[in-house]
Amino acid sequence: MALTWNDIKNGWKHWFDFAGRRRARYAAWEKLAEQGSEEAKYRLLMLYRDAGEEFYPLAFKWTLRVAKEGADCGVLLQAAQMFEAGHGTGQDEDQALLWFERALSLHILRGNKSVLSAGTSNYIQERIQFLRAKLGRE
């Protein structure tokens, strides 16, 4: 069976459909994450930094799921930032404050084993102070 011009053209269209291929890849990761793959969960939550606003809701979904497990300071911080900015969810400063406080608490508990730098710790403390003052919770 010989290839037709339309077959070739459609093959090239598929090849250059980067957005479509990206969405398919993310859908495959989401399926794996739903089945419990830690790697897929982390790939999906990293979409917040890497893939653009279109994927914020998907990144937020997985950021919150992993953050609720409470084992990664960086993910807790990302959840706080997403709530504060309203990326992937409605802006919610109460939730942002809660997640900033959780990130700082876990960072302090982890001590030298924490993945957060001293600069990041200072940033979190500043955000907590700012939000507490703004929300009248000093």
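For the structure, check the block above.
If you're wondering where the values come from, they're calculated on a predicted model, not measured in any experiment. The numbering scheme is per chain: residues are counted from 1 as the chain's sequence reads. Given that the model is predicted, a residue must reach a pLDDT of at least 70 before its local features are reported, and side-chain atom pairs must reach 80 or more before they are shown or counted; all residues, however, enter totals for whole chains, interfaces and linings. For the side-chain quantities, the full set of heavy atoms in the structure was used; hydrogens and water were omitted.

> Kindly report on the pattern of salt bridges, identifying the contributing residues and their values.
Salt bridges, as used here, are contacts in which a Lys or Arg side-chain nitrogen is within 4 Å of a carboxyl oxygen on Asp or Glu. What the rule picks out here adds up to 11 salt bridges. Residue Glu 84 is joined to Arg 127 by a salt bridge in which the shortest nitrogen-to-oxygen separation is 2.2 Å. One end of the pair, Glu 84, is in helix 6 (residues 73-85); the other, Arg 127, is in helix 8 (residues 118-135), and 43 residues separate them in sequence. For every residue, the accessible area (1.4 Å probe, protein chains only) is compared with the maximum for its type, and the residue is labelled buried under 20%, exposed over 50%, or partly exposed between those bounds. Exposure remark for Glu 84: the relative accessible area of 12% places this residue in the buried category. Across the salt bridge formed by Lys 134 and Glu 93, the nearest N and O atoms sit 2.6 Å from each other. Remark: Glu 93 occurs in helix 7 (residues 93-110) and Lys 134 occurs in helix 8; sequence separation between them is 41 residues. Owing to a relative accessible area of 49%, Lys 134 belongs among the partly exposed residues under this scheme. Assessed through its relative accessible area of 18%, Glu 93 is described here as buried. A cluster of three or more residues bridged by salt bridges with shared partners is formed by Glu 30, Glu 34, Lys 61 and Arg 65. Helical segments are the DSSP runs of H or I of at least four residues, strand segments are the runs of E of at least two, and each set is numbered from the N terminus.

> Tell me about the packing of helix 2 (residues 18-34) against helix 3 (residues 38-45), and name the residues and values.
Between helix 2 and helix 3, whose axes approach to 7 Å, the crossing angle comes to 135°. The angle between helix 2 and helix 3 falls in the class oblique. Read as a crossing pair, helix 2 and helix 3 show a hand that is left-handed. In this structure, helix 2 uses Tyr 26, Trp 29, Glu 30, Leu 32 and Ala 33 to contact helix 3, whose residues at the interface are Ala 40, Lys 41, Arg 43 and Leu 44. Side-chain classes follow a simple rule in which Ala, Val, Leu, Ile, Met, Phe, Trp, Tyr, Cys and Pro form the nonpolar group, Asp, Glu, Lys and Arg form the charged group, and the remainder, Gly included, forms the polar group. When its residues are assigned to classes, the contact of helix 2 with helix 3 shows 6 nonpolar, no polar and 3 charged. Axis definition: a line fitted to C-alpha atoms, limited for helices to the stretch in contact. Angles are taken between N-to-C directions and run from 0 to 180 degrees. Should an angle fall under 35 degrees it is called roughly parallel, over 145 degrees roughly antiparallel, and 65 to 115 degrees roughly perpendicular, with every other angle called oblique. For a crossing to be left-handed, the near helix must be turned anticlockwise from the far one by less than a right angle; the clockwise case is right-handed. Pairs of residues are marked as contacts when any of their non-hydrogen atoms sit within 4.5 Å.

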